[in-house]
Amino acid sequence: MDSHHFDRLTHSWTELPSRRDIWRGLAGMGLGGAIARQPDLADASQKRKRRRRMRRHKTAQPPQTRPLAERLDANCPAASGASHVANLPALTFVPRRSGLLTRARVLLFDSQAGQDFKLFLTRVDAAGLPIEVVLASEEVRDLPATGPGNAPQPLAATFADPAFVSKGTRYALVIVSEQGFQLALGQTGQCPDSLAYDDTNRDGVFTPFPDRDFAFETFVSGAV
């Protein structure tokens, strides 16, 4: 491009009317107001769309989540008047369904006023003995006293952080307290998938009672 051609282009750009001059001319023709109102119309349209979206969002209901059904699972009914003096008792059981084990309950036949307990859900070893692989635990504090001649006292734990249990897999419930207590026994022959244990010396060695079960109930949520 030669210098003369460049100078001509530069001069022509500088002679283009300014934006203000264009608006003055349009206003003189009566078009300026109409064009100037176009952004307002666009803004109004956008506002209407926003209001419609807001109304839709306000009226839209959040999806409803149905609570998982809790069902009685592995359990053993209590035998009338039968109990065992427990040091560190445990029982093993086999869930009938897979799901979250949300609650467990045993029956206290004899306990002191204000006694505290802790229930542990654990795994078992190859021999079926409870081991210290804790899946869930819950503390139950300040229970009222019970004893012979009175109805058994439920010791129920609702696990704040329930563990998933699998159908057909054996687990254990271990009951711990600093004071002595007695657990109600289950009905003989009615609970083939459960077995009672006690760690008499509190040294981690659990001894099974082949002919005894503790009365208990477990509850599974979202069972399959």
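Here, the structure is the one placed above.
Right, let's walk through the structure included here. Position numbers for residues count from 1 along each chain, tracking the sequence in the order it is written. Predicted model: local features are reported for residues with pLDDT of at least 70 only, side-chain atom pairs are reported and counted for 80 or more only, and whole-chain, interface and lining totals are derived from all residues. Side-chain numbers here rest on the full set of heavy atoms in the structure, without hydrogens or water.

### Section: the side chain of Ser98
Secondary structure is summarised from DSSP: a helix means a run of H or I of at least four residues, a strand means a run of E of at least two, and numbering begins at the N terminus for each. The topology assignment puts Ser98 in the loop between β3 (89-93) and β4 (99-110). Under the scheme applied here, a residue whose accessible area is under 20% of the maximum for its type counts as buried, over 50% as exposed, and between as partly exposed, the area being computed with a 1.4 Å probe on protein chains only. We classify Ser98 as buried; its relative accessible area is 15%. Among the polar contacts listed, one links the side chain of Ser98 to the backbone nitrogen of Lys167, at a separation of 2.8 Å. Under the rule applied, a polar contact is a pair of N or O atoms within 3.5 Å (in protein, one hydrogen donor and one hydrogen acceptor; residues adjacent in sequence only if both atoms are side-chain atoms).

### Quick notes on the pattern of salt bridges
Here, a salt bridge means any Lys or Arg side-chain nitrogen found within 4 Å of an Asp or Glu carboxyl oxygen. As enumerated under the stated definition, the model contains five salt bridges in all. With its nearest N and O atoms 3.0 Å apart, the salt bridge here joins Arg105 to Glu217. Taken together, the residues span a long stretch of sequence, with Arg105 in strand β4 and Glu217 in strand β12 (residues 216-221) at a distance of 112 residues. Arg141 is the partner of Asp116 in a salt bridge, and the nearest nitrogen-oxygen pair spans 3.5 Å. Of this pair, Asp116 sits in strand β5 (residues 115-124) while Arg141 sits in strand β6 (residues 130-143), placing them 25 residues apart in sequence. In this structure, a network of salt bridges that share partners links the residues Asp116, Glu139 and Arg141.

### Brief notes about the packing of aromatic side chains
Aromatic rings from Phe, Tyr and Trp, with only the six-membered ring used for Trp, were paired whenever their centres fell within 6.5 Å, and each pair was classed as stacked if the ring planes differed by under 30 degrees, edge-to-face if by over 60, and tilted otherwise. According to the stated counting rule, one finds three aromatic pairs in the structure shown. Where Phe93 meets Tyr171, the ring centres are 6.3 Å apart and the plane angle is 35°; that geometry is what we call tilted. In this pair, Phe93 is assigned in strand β3 and Tyr171 in strand β8 (residues 171-176), connecting sequence segments 78 residues apart. Taking relative accessible area as the criterion, Phe93 reaches 1% and is therefore assigned buried. Residues Phe117 and Phe181 carry aromatic rings whose centres are separated by 5.1 Å and whose planes lie at 80° to one another, so their mutual orientation is edge-to-face. In this pair, Phe117 sits in strand β5 while Phe181 sits in strand β9 (residues 181-186), placing the two residues 64 residues apart along the sequence. Residues Phe117 and Phe181 agree in their burial class; the two are buried. Among the aromatic side chains, those forming a connected cluster through ring pairs are Phe93, Tyr171 and Phe216. Note that Arg103 overlies the ring of Phe219, its terminal NZ or CZ placed 3.9 Å from the centroid. Charge over a ring is defined by NZ of Lys or CZ of Arg lying within 6 Å of the ring centre and within 35 degrees of the ring normal. Lying over the aromatic face of Phe209, Arg212 brings its terminal NZ or CZ to 5.6 Å of the ring centre.

### Side note on the state of the cysteines
We call a pair of cysteine sulfur atoms a disulfide whenever their separation is within 2.5 Å. This model, assessed by the stated rule, comprises one disulfide. One disulfide bridge connects Cys76 with Cys191, the sulfur atoms lying 1.9 Å from each other. A torsion of 85° about the S-S bond marks the disulfide between Cys76 and Cys191 as right-handed. You can see Cys76 sitting in strand β1 (residues 70-76) and its partner Cys191 sitting in the loop between β9 and β10 (195-198), a full 115 residues away along the chain. With respect to burial, Cys76 and Cys191 carry one shared label: buried.

### Thoughts on the environment of Val134
Position of Val134 among the secondary structure elements: in strand β6. Val134 sits in the partly exposed class, given a relative accessible area of 44%. For Val134 and Ala172, which are 38 residues apart along the polypeptide, the C-alpha to C-alpha distance reads 9.5 Å. In what follows, residue pairs with any heavy atoms lying within 4.5 Å of each other are defined as contacts. If sequence neighbours within four positions are ignored, Val134 has contacts with Phe120, Leu121 and Thr122.

Function-wise, these values are silent; they only describe arrangement.
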